[in-house]
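Next come the chains, spelled out residue by residue.
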Amino acid sequence: MSQAINLLALLVASAAVVTSSSLTWRALRLNHNANHLPVVLDALKDQRTGEFTRREAVLWEQLPQHDVALGFAGLPEPLRGCAYEVSCYYQHLACLAEYGVANWDFIAVQTTYRMLRTWDCIQPYVHAERRNRGSANSFLNSYERFAEGVKATDIDAATNRLYRRNGSRRPKVVTPAPSRH
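Residues numbered from 1 in each chain as written. Predicted model: local features only at pLDDT ≥ 70, side-chain atom pairs only at ≥ 80, totals over all residues. Heavy atoms only, no water.

Participant: Explanation requested: unusual backbone geometry in the structure shown.
Facilitator: Put simply, Glu 77 and Pro 78 share a cis peptide bond, and its omega is 5 degrees. Locating Pro 78 in the fold gives a position in the loop between helix H2 (50–62) and helix H3 (79–98). The phi torsion at Leu 140 lies on the positive side, around 55 degrees, for a residue other than glycine. Relative to the helices and strands, Leu 140 is located in the loop between helix H4 (104–133) and helix H5 (141–151). A relative accessible area of 6% means that Leu 140 is categorised as buried. (Helix = DSSP H or I, 4+ residues; strand = E, 2+ residues; numbered from the N terminus. Buried < 20%, exposed > 50% of the residue type's maximum accessible area, 1.4 Å probe, protein only.)

What follows is the structure in structure tokens.
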């Protein structure tokens, strides 16, 4: 009888340890997210402004008209300013994701189209800037690493991971309305 009571006490204590550990882990994760959420939301703010999207469109449109050998530093103003502002914005987001301050999938899902379109536009100029500086690791390296990772990522799967992580059901698929023409 005393062995049964001891065994029951051991099971109850084990369950308490597992439950306590689980709750502690969840609290730590929530605390981590709470501390970093303002940083991440502030970092994503620029892409919602008309001025930023205008500068990004100018970059996409005008940069390919200039000699790649100029890199970034040799570009004429105001294009040089657009190139630095837009690319440094994505470098900042990439650093947040690559160094674990922000959830990698979250940043990738939020920025995929525009971030990759910008990378494809600036990539030859970035490589030229690195050659001009004399170092392969001197300019926008985190952005390049992040863009390569995003290109290799199934964004739909990343989106689903984000939903599952928080216990949500699969996201509703939005399909475009049929054309009336």
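Participant: Can you help me understand the packing of aromatic side chains in this one?
Facilitator: Pairs of aromatic rings are described using the distance from one ring centre to the other and the angle between the two planes. For the structure on display, the rule yields 9 aromatic pairs. Plain terms: the ring middles of Phe 72 and Phe 139 are 4.9 Å apart, the flat faces sit at 70 degrees to each other, and that makes the pair edge-to-face. Of this pair, Phe 72 sits in the loop between H2 and H3 while Phe 139 sits in the loop between H4 and H5; the two residues are 67 residues apart in sequence, bridging distant segments of the chain. Pair check on accessibility: Phe 72 and Phe 139 agree, each one buried. Centroid distance Tyr 90 to Tyr 143: 5.6 Å. Interplanar angle 35 degrees. Geometry classified as tilted. (Phe/Tyr/Trp six-rings, centres within 6.5 Å; stacked < 30°, edge-to-face > 60°.)

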